[in-house]
Structures are given as C-alpha cells and as structure tokens.
Amino acid sequence: MYELEKENLRRFSEYIVQVLRPSYVRVFMSAYLDGESVERILSEEKLSVTSAAQMLLEKIWKLEEMGWFQAFLDTLHASEYTGLYAAIREWDFTELEALQSYRMLLDRVEPSITKNMKPRELLAHLSDCLTQRECQEIRAVEEQSGCVAASERLVESLRRSDKQWFKLLKLALYNCSQKLALQLLEPEESEKCVSECEENTGTMATLCFEYMEDGESDEGLLKSANELSLTGQRSEGAGVAAGAGRSAEKKLREYQKELAEAAFSGQNTIICAPTGCGKTIVALAICEQHLKKFPGKAKVVFMATKVEVYAQQYKLFLEHFSKDPDIRVTGVCGDTDVEVCMRSVVDRHEVVVLTPQILVNVLQNGDLPSLEVFTLLLLDECHNTTGKHPYNNIMNRYLDTKLTSSTHTLPQVVGLTASVGIGSFKNQKEAEVNICQLCANLDARVIATVTRNIDELRSYVHIPEKEFFEVPTPTSDPFIRIIRNIMSNIEQLAKTMYDIDTLSPILNRDYGSQKYEQWIVDVQKRCKLLQLSNPEQERRVCRALFNYTEHLRKYNDALIINEDARTKDALDYLQAFIEQVRKLGYDDTERKLTAFFDVQREQLLDLATRGQENPKLQELKFILEEEYRNNDQTRTVLFVRTRALADALKKWIDETDSLNFLNPGVLIGRGKRSSQLVGSGMTLTSQKGVLDSFKSSDHIKILIATSVADEGIDIPQCNLVLMYEYVGNVVKMVQVRGRGRAEGSRCFLISSRKERIEKEKQNMEREKIVEKAIVSLQTSPKELQAKVNFFQKEDKARRDFVNLSPEKPRTVGSYKLLCAKCEAFACFSGDLRVLKESHHIILERSIFKRCFTQPHHNPKSFGGITKTQKMLCVDCRLDWGIIASYLHIKDLPIVKIESFVVQDVVTQKKQYFRKWREVNFAMREFELTEITPETWGSRE
C-alpha cells in the first residue's frame, strides 16, 4: 500500500530528517508503531535527533495499515510542522532546500553567537518560525541552565525549523538591540541592511547587488561577472580579491543598466552582450523589477536550453530570492524524478526555472492552458529560437495567440544571448535578414547592446587574442594503412552476403571521415528494411550486414581518434569494442570479423608502442609547456569535438611526464552514447564536482570539454582557451572564446586542416558583419519593426497552411515488432500499451522468452517509474529497452522503437521509426484494470 508515497518519502528523506523531531509526532508513532519501536526511537533521539528521525522513516516505509499517510500529514500539521506538511503534501521540497545555506551559516557562527544572545527577549519575535512547544522548552532551559544553554537550544530549534526563519532572526536581533549576535550572523552588515529588510517585510526586497572589486585574485585571475553575489549572499566562486577586505555594496554596473533599460520599461527585448559580462545578473534584476512592479500578479518563467545550464541558473535564482519569503522559486526539468502538476507549480510560485521542452509538453497536454498564465518569459541562449527548437515551438504558440486575438494578455519576452549571428550569410544585408527573423520569432523589436558604456564593459570583459596553429599531417602512417585494409576486407566480406553498394552508393570511400560515417548509417537503415523472398535468409542477411557495418563504424571511429590523438588511444578503443563483441551474441559472422583484428593485433600493438607521435599532440604539448612555464597559475579550457577524444587527451596528459601536473578534469554532456570507450555521459553531480574543483582549487589546472561547455555553463575564468580541431559557426566561436575572461587571455586554434582554420577566420569576419548589422537595425527601428511584422505574418500563414493539411490517421491494422539487428519477433502492435503518453509497454508476458535481462547499471526512478533491468534480444543481444516497476506492478517491459523494425502482418511491408511519435499505427492507453494475477503472473 502507498508505494508511491513511500518512494517519495525515501527520495526526500534527506530533507525530512533534518527537520523532524520524532517526540513531536509521538501521537502518530503510538498509533502505528509497536511500543518497543517507539521507545527505541525516543531513546535514540536523546543521542541524535537526525538518527532517530531516520529510524522513524524506516519504520514508516514498512507500514501497511490503511490511512497511515493521511494520519502522518495530519499529525505534522497539528504539531505545527507547517513547512514540512506542505512539502510532503505537494512533494515540493524547494523551500526546505533553500534553508540549507542558512543552516550552514548558523553552524559556522554557533559557538560565538550563542554567547551573545538573550533568548527570552528573542522568543517574542520568533513565534512565526518556532512552535509553541519549542518556545516553552527554550524558556525552561534558560530557567534551569542559564542563557547560553537556552541560546544553544534556540539555535538547535532554528536549525531544525521548517519555516523561513533567517530574516525573522535578523529582525529579532535588531529589534532587541543584540548587535554583537547580529554582526556574527551578518558580518559587516550595517543597521541599514536590516532596516531595509524591515521596511520591505511583506512587500518586495530592495534590488541591491554586491560584487567584488575586479582585480587580480589570489590565482591571478579575474572573477566572472556571473560569479557576482547578491546582497547578504556569497556565491560559491566569489572570494576576496588579493589585499582587499569585504566587498563594497554596489548596484548594477552602468553597462548592465543599459542592457536592462528596454526590458525594465516592459518591452520585448533581445539582450546581446559578450560572455562573462553578467547577463544572468541582468536577468535577475529584470525579474526582480518585474515582481516589484506587479506584486501578487507576476509569474516569471526562466528557461535554459540544457539540463546542465538549468541546474546552474536554478541555483542562482534560489540564492537570489532565498531571503524573501514572498517570492517563491522552483525549478522543473526533464530529469526530475517526481511527477509534478505544472498548473499547481505555477500557482504556488512566483518564479519557475525550466528546460523549454517541459513547457512545450505541458502546453500540448493542457496542463497549462496557455502562455497567458505568465507575465514574463526569460529565454537564456535565445539565439536557439529557430526551426524546431522548443523555444520556437513556445514562441509559435505565443505569436499564434497574438496574431489571432485582440484580447490576449501575453507575457513580456526577454531573450539573452552572446551573439545573434545565426544562420548562413555572406554580407551585412543577409545578416540583417537573419537577425530580423530571430526578432520576429521572439516578438522582439529592441536589440539591447552596450553602446554608451562600452569603455566600462571593456574594462570588465576581455576578448582573448586569437592565434592559429596549422599542423602538417604525417606523410605516411602504417596504422592507417592496416585499418583501411581491414575495412576493405570487411566490405568485401559483406558483399558476399549482399551487395551493400546497391543499398546506398558511395563514390569515394574516404575512410576515417564523417562522410563515411553517414554512409554507414544509411546502409544500416536500409538493411533494416531489406525484404527477401525467403524470411530465414532475410533474417540471416540483415543480422550479418548489421554486424559488418557496426565493425566498419568502429574502425572509422578509430581512424578519427588516431588523427587527433595517439595510436594507442585508437587501439584501446578498438580493443574495448572487440572485447564487448566477444561477450555478447558472438556468432560466426562476428568470429570472422574479430579474426581480421586478431591477425593484425601484434603489429598494431607494436605501432601503438613504438610508432611516431602525432604532430598535433607535439604542438599541443609545446603550447602547454610554454604557457605554464611563463605563468604557473595559468588555467586552461581545452575544447574537443568528441567524448572519445576528451577521454584520450586526458589519458595522454596523465601519461606525459611534463604535463601530468595539470591533473586534467573532463567535462562532457549527460546524454548516453553507444561508444564503448566512454559510455554514458556525466551526471550533474560529477559535472558540478569537476567545475567546483577547477574553480576553487589548484588541483585541476586544465579542463577538457566537449560542446556541453561552450554554451551557457558558467566555467570559472581561464586565461587560455585551446580549440583542438574545434570549429563551428559564429555563435559557437563567440561562446568558446568567451571562456577566456582574464585580462591578457588568449585563444588558440590547433588544426591540421587548412579549411577549418579558414572557416574560423571567416567566422571572425562574420562577427564584424553581425555587429554592423545590429547597429544598422538599431538606428532604423521603424525598418526593424516593419521586417519583424512582415516575417511574423508570413510565418503565421505558413503555420496555418501546415495545420490545415489533414494529419495522417494512425492505422488500426496488425503489425509485428522485429529486432532491428536480427529480425527476431518481439511482439504484435496489439500487445503495446502507452503509459503517460511517452512510455510504451509490452503486455504480453511471453516477451520474456524472447528477451534477455540483466541488472540496470543506473536503476533510478522517473515519473513514478523505477528502472530495474536492461532488456536485450535473446538472439543477438541488441538493447531493446528496460524492465521497470510502476506503482505496485513489477516487471513491465518498456521498449524503444529505434531497436525494432515494424512489419505489416498483411502486406509484409517493413518500416523503421527512430521515435515513437513517428509511428503510424494506433496503440491503446495503459489501464491498470488489465493487470490481474491471471494476466500478470511470474515471468515464467
């Protein structure tokens, strides 16, 4: 019973045990626990309240009686645990989480503050954050043991309080003239700060920013504007500049005010300013001004394009508004394990931080009726508002409402970006068109840039010098020759089974290129749809061709790694793949394929050990040695194209005597990859650990990063940015370059390809074109508005035409799902059920005879569903999906469509879909009534 409630209590137990004192809920314990357990918990409470609370939770998780959960909630409410009661009722622990920083501060100052408090005087001002019972206990302690003991009891009660106590404590200390204690709690804060809090209680907090005087820090680096802290707070990266005392209090810099001007006046605006200038600080200021302007009515949503950036920005918003109980901040992203009702979330919070797909989903499913529930939309990295990006989906809805209704109350829109240089363009005219289109998509008629205060901006934001290192390619490489020969042999072997050139012709077999990779992908796709007269032969051919092309793909990857790293790294990659092949579904075809590698293995090992060093690595080694010799406090971000290369370069640095002192950290994305070398991406926790280490200590001196770091993530300042074969468009160039923020920082591009260096130089020229295009549009606001209006009408007409086109109905015929690798039968389409519009379950229990299961390496929960096992084809070990539990139901097979080919039972025609939303046959909704003991017994 109550499995979902128990699971959520486990998930949030960290917060609950920090608050709950079991003796305060003894009524509940006596009703639902045996007497021995109650006494043991109460006895433990005398030693450790937290440990006792954990014991109580463990007993609760085992309860089976009807009504215990509501009784627990009722007891919390009756015991004045109002914050904990609300958090558990709504499964929203945002407000409790926000108290953690204050608890940590209290821990630091406790020994001193307890000697300078008069608890009896304070209690009259703290009734809103302490229970009546706690107040009585504190008075009793003071009478029996004195003032210091009572102060210690008061601090302990505040530490375990589930209410917003920090501001009330400061006011209480001020009102009782306990200035020594107040200074300990708020170091070097004047009475002015407290009086401001007092004046604004119940209304809005004064907009007031605090930041460091920029100068040389202990590490010889400047602090990023995004690391600036707010009044009364210190962000993680904010330290004290060398030789300076505590920072002085200041308002927004003049250039930041200039960026915010149009948004402050309520206009839809694109704020375009360099990376590192503090656009997030500007966004916070706009948000707070908006909340102050519309008290009780404002609803703000801030969106970040990536989960990694979402986590970072959510934390900043929480910190900024943590001292104002009238402004409630929460965050929701696609990775949250807890199911939430967005309507409820928006109703109960003034500020919501999201990943944009969340908003797209809730607008589509009707959880939110429209964008009109918000009053301000803030879009981080708004240059992404094009094509099929979630930002553009959201803004299309916005514009459809605006252009079809005269009574709408749509929110203000503010976009933030480092560059509006989107799309392809050759001249200023074309650049202006692209910028106008972006403005049209965002419904913005103002592009805010720094013009009046440009000198101040330049004094804080330093654009690194760009240098290019073109490295000659080796004239001959025996490793490349051997790998190409193996690939040629595999192709010839594949042709004995089926002429793959007829599936997808290729004019030039450029082994080790992206073009060849694309050819392999196309061949694999067509293999899945191959139809022969003999079904058994068809299965055999499809499975063999899948294996051939998968081996070709890995050898192609190895050539790419060898081009940019060491032969050893490429060989390690291949050996990891070959070992995995031997462990999974090792058939005759794979034995032949691995034999090609085994024959050449010794020679490849010899080349990896004694072969020539990659000239690019030699150049990189020279640059790093030179930079750190000249300045041992150098901090470097090294951008690479792939995760495999990030892994290879870390190993190379670690194994190079003159460089291993750099102790490289690696920052890659979170999405999964098929690569055996790297596997799954990094978790948010591991990403944060690497960034924190790079930011706060000398332990990591170089950060090796993929594209996850070039947009949005606030990497601490470095004075050296290295782009290792890493070239993109104008926006990417601006983002990457902006990571070098210290004065005198430099940015190097290292490449063996002349065309990449030329492309980067072209990007630099295009950046100048974009700057001129912006100035031109700013000086002609009427022309900008006319173009925006024109584009919006055109786009609306195009959308209307598409919407009027009849949608293809999903057929109700019978289809088979066949394994995409070996064409083994999995299930019929009638066996599929759709859970929560996104999870596709096979309800036919015989599926377990056709699949192989193994423990899941990351058994986490999402949306009430808990992953328990991986699900693989019993014949070829292709990954089919997961086994999961939902509510009280165990062993639910949840499959991914990309692992299957869909075959019409009547016509025998085959189709391949990469996503479930592309599927053209109908599926029934999942219903709990279909799960009975008769239909859902054991797997066997």
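Higher on the page you've got the structure.
I will try to describe carefully the structure that is included in this document.

Parameters at a glance
- Residues numbered from 1 in each chain as written.
- Predicted model: local features only at pLDDT ≥ 70, side-chain atom pairs only at ≥ 80, totals over all residues.
- Heavy atoms only, no water.
- Helix = DSSP H or I, 4+ residues; strand = E, 2+ residues; numbered from the N terminus.
- Buried < 20%, exposed > 50% of the residue type's maximum accessible area, 1.4 Å probe, protein only.
- Contact = heavy atoms within 4.5 Å.
- Areas by Shrake-Rupley, 256 points an atom, 1.4 Å probe, with all protein chains shown as cover.
- Core = buried A, V, L, I, M, F, W, Y, C linked by side-chain atoms within 4.5 Å.
- Phe/Tyr/Trp six-rings, centres within 6.5 Å; stacked < 30°, edge-to-face > 60°.
- Axes fitted to C-alpha atoms, helices over the stretch in contact; angles between N-to-C directions.
- Parallel < 35°, antiparallel > 145°, perpendicular 65-115°, else oblique.
- Left-handed = near helix turned anticlockwise from the far one by under 90°.
- Salt bridge = Lys/Arg side-chain N within 4 Å of Asp/Glu carboxyl O.

Moving on to the overall build of the protein. Across its full length, the protein carries 35 helices and 27 strands. Counting the 940 residues in the protein, one finds 54% classified as buried. Pairs at least 24 apart in sequence give 72% of the contacts found in the protein among residues at least 6 apart. Surface accessibility of the protein: about 41300 Å² in total, with carbon and sulfur atoms responsible for 50%.

One finds Leu 545, Leu 638, Leu 649 and Tyr 724 to be the most contacted residues of the largest nonpolar core, which totals 86 residues. Residue contacts for Tyr 724: discarding those within four places in its chain leaves Asp 564, Lys 616, Leu 617, Leu 620, Leu 638, Phe 639, Val 640, Leu 645, Leu 649 and Ile 750. If you look at the next biggest cluster of nonpolar residues, it comprises 63 residues, including Val 17, Phe 93, Leu 154 and Leu 173.

Further remarks concern unusual backbone geometry. Positive phi outside glycine occurs at Glu 80, with the angle close to 70 degrees. Mapped onto the elements of the fold, Glu 80 is located in the loop between helix H6 (68–78) and helix H7 (82–90). On the basis of relative accessible area, Glu 80 is assigned to the partly exposed category, the value being 30%. One non-glycine residue, Asp 891, lies in positive phi territory at about 60 degrees. Turning to its location among the elements, Asp 891 is positioned in strand S24 (residues 889–895). For Asp 891, a relative accessible area of 24% puts it in the partly exposed group.

In the structure shown here, the tally under the stated rule is 26 aromatic pairs. Measuring from ring centre to ring centre gives 5.7 Å for Trp 68 and Phe 69, while their planes differ by 90 degrees; the resulting arrangement is edge-to-face. The exposure class of Trp 68 is buried, given its relative accessible area of 0%. The exposure class of Phe 69 is buried, given its relative accessible area of 11%.

Axis separation between helix H26 (residues 514–528) and helix H27 (residues 535–564) bottoms out at 10 Å; the angle between their running directions is 165 degrees. By the criterion of interaxial angle, the relationship of H26 to H27 is roughly antiparallel. Relative to H27, H26 is oriented so that their crossing is left-handed. In contact with Tyr 516, Glu 517, Ile 520, Val 521, Val 523, Gln 524 and Cys 527 of H26, H27 contributes Cys 542, Leu 545, Phe 546, Thr 549, Glu 550, Leu 552, Arg 553, Asn 556 and Asp 557.

Overall, the coordinates contain 61 salt bridges when judged by the stated rule. One salt bridge in this structure joins Asp 92 and Arg 348, with 3.5 Å as the shortest N-O distance. Of this pair, Asp 92 sits in the loop between H7 and helix H8 (94–98) while Arg 348 sits in helix H19 (residues 342–348); the two residues are 256 residues apart in sequence, bridging distant segments of the chain. Assessed through its relative accessible area of 16%, Asp 92 is described here as buried. A residue is classified by how much of its surface remains accessible, and Arg 348, at 23% relative accessible area, is partly exposed. A salt bridge links Glu 517 to Arg 553; its shortest N-O distance comes to 3.1 Å. Residue Glu 517 is located in helix H26, and its partner Arg 553 is located in helix H27; the two are separated by 36 residues in the primary sequence.

This paragraph deals with the side chain of Gln 869. Here Gln 869 lies in strand S22 (residues 865–873). Take Gln 869: its relative accessible area is 19%, and that puts it in the buried class.

What follows deals with the environment of Val 373. With respect to the helices, strands and loops of the structure, Val 373 is situated in the loop between helix H20 (356–365) and strand S7 (376–380). When the C-alpha atoms of Val 373 and Val 300 are compared, they prove to be 9.4 Å apart, with 73 residues separating the residues in sequence. Apart from residues lying up to four places away in sequence, Val 373 is in contact with Lys 299, Arg 343, Val 346 and Leu 368.

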